[in-house]
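Here is what each chain is made of, one letter per residue.
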Amino acid sequence: GLIPALTDGDLVLYETAAICLHLCDNHPKLHLAPALGTPERAHHYKWLMWLTNTLQATLLAYFYPERWVDAGNTSGAAQVKAHAQARVGTLLEQLDAELARHGGAWFSGAEFGVLDPYVFTLCRWTRNFSSGPARECTHLGPYLQRMLARPATQRMLANEGLHAPFV
């Protein structure tokens, strides 16, 4: 009953960060994360946890504001939603700044990695924001277009039955 979930043989795993780490550990030749023991790997861990605990958590407050207020408190839910959207804007600026900092094509730099589909998914959740969707950010916009151009992304969108706007 949880998504996402990964079935790998007898292993059933949920929680996005756990799935990402499992894929990196079990497919090292794909270079889904920087090498173990490097500063780059430490930053990879930081961003993975940040995506889970900061950006995704804030997006969930935006999409489900009623979870944060008493039942029937529609004005409180509206306030939670407004504050969450404003916070997401600030968080998208952090993603944009990271892309600008290293100037690579992908979130961790020159190589596509496990963080890229996660960043894409969370940015996609902002596509219908009344102001400040991820696609309007200077570096995130082109990055999201690179993600959309990937054949694997196109297959995923088709398999999931997702329709435009994609970002």
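I will try to describe carefully the structure that is included in this document. What you are looking at is a predicted structure, and each value in this text was computed from that prediction instead of being measured.

**So, a nonpolar patch on the surface**
Nonpolar side chains collect at one region of the surface, where Leu 60, Phe 63 and Tyr 64 lie side by side and expose about 240 Å² of accessible area between them. Mapped onto the elements of the fold, Leu 60 is located in helix α2 (residues 39–63).

**Focus: the packing of helix α5 (residues 140–149) against helix α6 (residues 151–159)**
One way to put it is that α5 packs onto α6 with a least axis distance of 5 Å and a crossing angle of 75 degrees. The angle between α5 and α6 falls in the class roughly perpendicular. Where α5 abuts α6, its residues Met 147, Leu 148 and Ala 149 lie against Pro 151, Thr 153, Gln 154 and Leu 157. Considered class by class, the residues forming the contact of α5 with α6 number 5 nonpolar, 2 polar and no charged.

**Focus: the environment of Trp 47**
Take Trp 47: it is sitting in helix α2. By relative accessible area, Trp 47 is classed as buried at 9%. Considered as a pair, Trp 47 and His 139 are 92 residues apart in the sequence and their alpha carbons are 17 Å apart. Not counting chain neighbours up to four residues away, the residues in contact with Trp 47 comprise Gln 94, Leu 95, Glu 98, Phe 107 and Leu 115.

Rules and cut-offs
Residues numbered from 1 in each chain as written. Predicted model: local features only at pLDDT ≥ 70, side-chain atom pairs only at ≥ 80, totals over all residues. Heavy atoms only, no water. Patch = residues over 30% accessible without salt bridge, like charges linked within 9 Å, V, L, I, M, F, W, Y side chains within 5 Å. Areas by Shrake-Rupley, 256 points an atom, 1.4 Å probe, with all protein chains shown as cover. Salt bridge = Lys/Arg side-chain N within 4 Å of Asp/Glu carboxyl O. Helix = DSSP H or I, 4+ residues; strand = E, 2+ residues; numbered from the N terminus. Axes fitted to C-alpha atoms, helices over the stretch in contact; angles between N-to-C directions. Parallel < 35°, antiparallel > 145°, perpendicular 65-115°, else oblique. Contact = heavy atoms within 4.5 Å. Nonpolar A, V, L, I, M, F, W, Y, C, P; charged D, E, K, R; others polar. Buried < 20%, exposed > 50% of the residue type's maximum accessible area, 1.4 Å probe, protein only.

Read these as spatial facts, not as claims about activity.
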